[in-house]
Structures are given as C-alpha cells and as structure tokens.
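So you can see what is in the structure, the chains are spelled out below.
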Amino acid sequence: MTEIGLPDGIRACLFDLDGVLTPTALVHAAAWKDTFDAVLRTIEGPDFQPFDATADYDTYVDGRPRADGVRSFLSSRGIELPEGEEDDPPELNTVHGVGNRKNVLVLDKIREKGVRPYPGSVRYLEAVRAAGLRTAVVSSSANCRDVLVAAGIEQLLDVRIDGNVARERGLRGKPKPDTYLEAASDLGCGPDESAVFEDALVGMDAGRAGRFGQVVGVDRTGQAEELRRHGADTVVTDLAELLEPAR
C-alpha cells in the first residue's frame, strides 16, 4: 500500500459526491422523505406507511439517477406512475414530476443550510493530488457542480461526470459502471489504474462490475458489512483513515 492507502499502480481516484465528499446524502434523504410521503399520502390516504429515510433511502434511492430512484422505491410499494416528461412541473404525479419535486426541495435545503465538505475528505483529496494522482467526481446528481462550488472543493477535482454529463453522453447510471468508466477514461486511465470511493451499495456494485483496481467503501451509516458484500476491497468511516500509517 502507498502512503495514501492505495495499491501501487493506482493513478486516478474517482469519488462519489454525496456521503463521500460532502454530507449532502443526509439532505437528499430528507428531501426524498418529504417528497415520497406526500405522494404516498395522496395515493394511499392518511394511513400510509412513511418513507424510511435510512432503510428505504439506502435500498431504493441512494446513488441512483433521480428517475430511477422514483421508480425503484414506488415499485417496492406496488405503485406505478406515468413516466411523464423530463420537464414535468413538480406538482405532477409522474415519475419525472416527482423527481423534479424532490430536486426543488433539495436545492431549497442546500441554499438554506449551505454545504460543508467532510474535513477528512478534503485532507485526502489534497494528499492524493500531492502524490500526483488525478481526481474525478462521479455523481448521479444534476446539482453536482453547484454542491462542489458551495463546498469550495471544485478546484480539487480534474473531471466531473454527473447527472447532466451522463444524460448528454448517454451513460447508464449506477449500479452500471458506465459513469465511473467514463471518468477514468477522461483522466486517461484504465479501470485497473483507478480507485472508486463510494458510500452507496449501488456504487459498490458499479465498482465491482467495472473491475476497478480498488473499491473503497465509505461507511457513514453503519453498513460496513453490506458494503463489503457488494464489493468493497476496504471500508473506512472517513477518508482520512487511509492516510494513517499501517499498524
């Protein structure tokens, strides 16, 4: 292992955003809960079973493109909505309308509370770049750049593959490895030369499917064993742990 906790031969680091670089996964989970609870209340009445911002979020939503998250969760409740169009207004009960409603809420929450990156993640980004490795952020969020700018870390990342880029380039979202493979390619590296850093189970699946040189699971919510089962080579609770001398 190198001084940055990665195998020799790794030349690029590919980071998920929410839950890895910034604590915005919590903001997304809260916005999804507000959104889905309103939908469930409308469809099922006042006795609906609320969206669980931990279990349901981790299982059906976390790491997926927005529309996929809507379909995945509602399908788990036996609900199917019309697809609608990507620009559906947020009050429409279509797949895209519900996704757009969530997006309005998450942007409101980010504007209200701001974004601060995880200090350990900033330390690790700086150490990785000082060691000569290239860096990319890989996120399903269409708001990725806004979050990076708000968190003050955009300059620490050489490449950004987010929901907007994925749509423009026709890339499939996680758990498919397409977005991570695209980021590695944009950095001039093969997957065997690249490390993936993820907190979502579908991100672990993407790392395994892409045959990356190292897949690091970031456990913020007590799911270390699940991360390992989904393909993590190593699991940490904070990226700064990778900078600690081997014991």
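The model shown is predicted, which means the values in this text are computed figures rather than measured ones.

On to helix α4 (residues 95-113), then. Quick reminder: α-helices carry 3.6 residues per turn. Residues three or four places apart thus point the same way. Look at α4: 27 Å from first C-alpha to last across 19 residues, which is about the 27 Å you get at 1.5 Å a residue. Those residues of α4 that sit buried are Val-95, His-96, Gly-97, Val-98, Gly-99, Asn-100, Arg-101, Lys-102, Asn-103, Val-106 and Ile-110. Against α1 (24-44), α3 (66-76) and α6 (144-151) lie the buried residues of α4. The first or second residue beyond α4 is Gly-114, which carries a positive phi of 75°.

This part covers empty space enclosed by the protein. For the structure shown, the criterion picks out one cavity of 30 Å³ or more. One number sums up the size of the largest cavity: a volume of about 220 Å³. Taken together, 18 residues line the largest cavity, and the ones lying closest to its centre are Asp-18, His-28, Arg-64, Lys-102 and Ser-140. Looking at the lining of the largest cavity, the elements that each hand over two or more residues are α1, α2 (55-61) and α4.

Glancing now at the pattern of salt bridges. By the definition in use, this model includes 20 salt bridges. Here Lys-174 makes a salt bridge to Asp-16, at a shortest N to O gap of 3.2 Å. Of the two residues, Lys-174 sits in the loop between α7 (163-169) and α8 (178-186) while Asp-16 sits in the loop between β1 (12-15) and α1, which places them 158 residues apart along the sequence. One exposure class covers both Lys-174 and Asp-16, and it is buried. One salt bridge in this structure joins Arg-71 and Asp-68, with 2.6 Å as the shortest N-O distance. Of this pair, Arg-71 and Asp-68 both sit in helix α3, separated by three residues, roughly a single helical turn. Salt bridges here are not isolated pairs; linked through shared partners, they connect Asp-16, Lys-174 and Glu-198.

The parallel open sheet is built from six strands, whose spatial order is β3-β2-β1-β4-β5-β6. Where the open sheet ends on each side, the last strands, each with one partner, are β3 (159-161) and β6 (234-236). For this sheet, the mean inter-axis angle between neighbouring strands, taken without regard to orientation, is 20°. Helix-sheet contacts for α8 involve β1, β2 (134-138), β3 and β4 (194-198), and the interaxial angle to β3 is about 160°. Packed on one face of the sheet, helix α9 (residues 201-209) meets β4 and β5 (214-218) and runs near 175° to β5.

Right, let's talk about the layout of surface pockets for a bit. In this structure, the largest pocket occupies an estimated 530 Å³ of space. Forming the boundary of the largest pocket are 25 residues, of which Pro-65, Arg-66, Ala-67, Gly-163 and Arg-167 lie nearest the centre. Going through the elements one at a time, α3, α4 and α7 are the ones with two or more residues in the lining of the largest pocket. Split into classes, the residues belonging to the lining of the largest pocket amount to seven nonpolar, 10 polar and eight charged.

Glancing now at the packing of α3 against α4. Taken N-terminus to C-terminus, the directions of α3 and α4 make an angle of 115°; their axes are 9 Å apart at the nearest point. By the criterion of interaxial angle, the relationship of α3 to α4 is roughly perpendicular. As α3 runs across α4, the sense of the crossing is right-handed. Contact with α3, carried on its side by Arg-66, Ala-67, Val-70 and Arg-71, involves Val-95, His-96, Val-98, Gly-99, Asn-100 and Asn-103 of α4 and no other residues of that element. Of the residues in the contact of α3 with α4, the class split is four nonpolar, four polar and two charged.

Calculation notes
- Residues numbered from 1 in each chain as written.
- Predicted model: local features only at pLDDT ≥ 70, side-chain atom pairs only at ≥ 80, totals over all residues.
- Heavy atoms only, no water.
- Helix = DSSP H or I, 4+ residues; strand = E, 2+ residues; numbered from the N terminus.
- Expected span 1.5 Å × (residues − 1).
- Buried < 20%, exposed > 50% of the residue type's maximum accessible area, 1.4 Å probe, protein only.
- Contact = heavy atoms within 4.5 Å.
- 1 Å grid on protein atoms, 1.4 Å probe; cavity = no way out; pocket = protein on both sides within 12 Å on 5 of 7 lines; lining within 4 Å.
- Points joined across faces, edges and corners; volume = space filled by probe spheres on them.
- Salt bridge = Lys/Arg side-chain N within 4 Å of Asp/Glu carboxyl O.
- Pairing = 2+ DSSP bridges.
- Axes fitted to C-alpha atoms, helices over the stretch in contact; angles between N-to-C directions.
- Nonpolar A, V, L, I, M, F, W, Y, C, P; charged D, E, K, R; others polar.
- Parallel < 35°, antiparallel > 145°, perpendicular 65-115°, else oblique.
- Left-handed = near helix turned anticlockwise from the far one by under 90°.

Read these as spatial facts, not as claims about activity.
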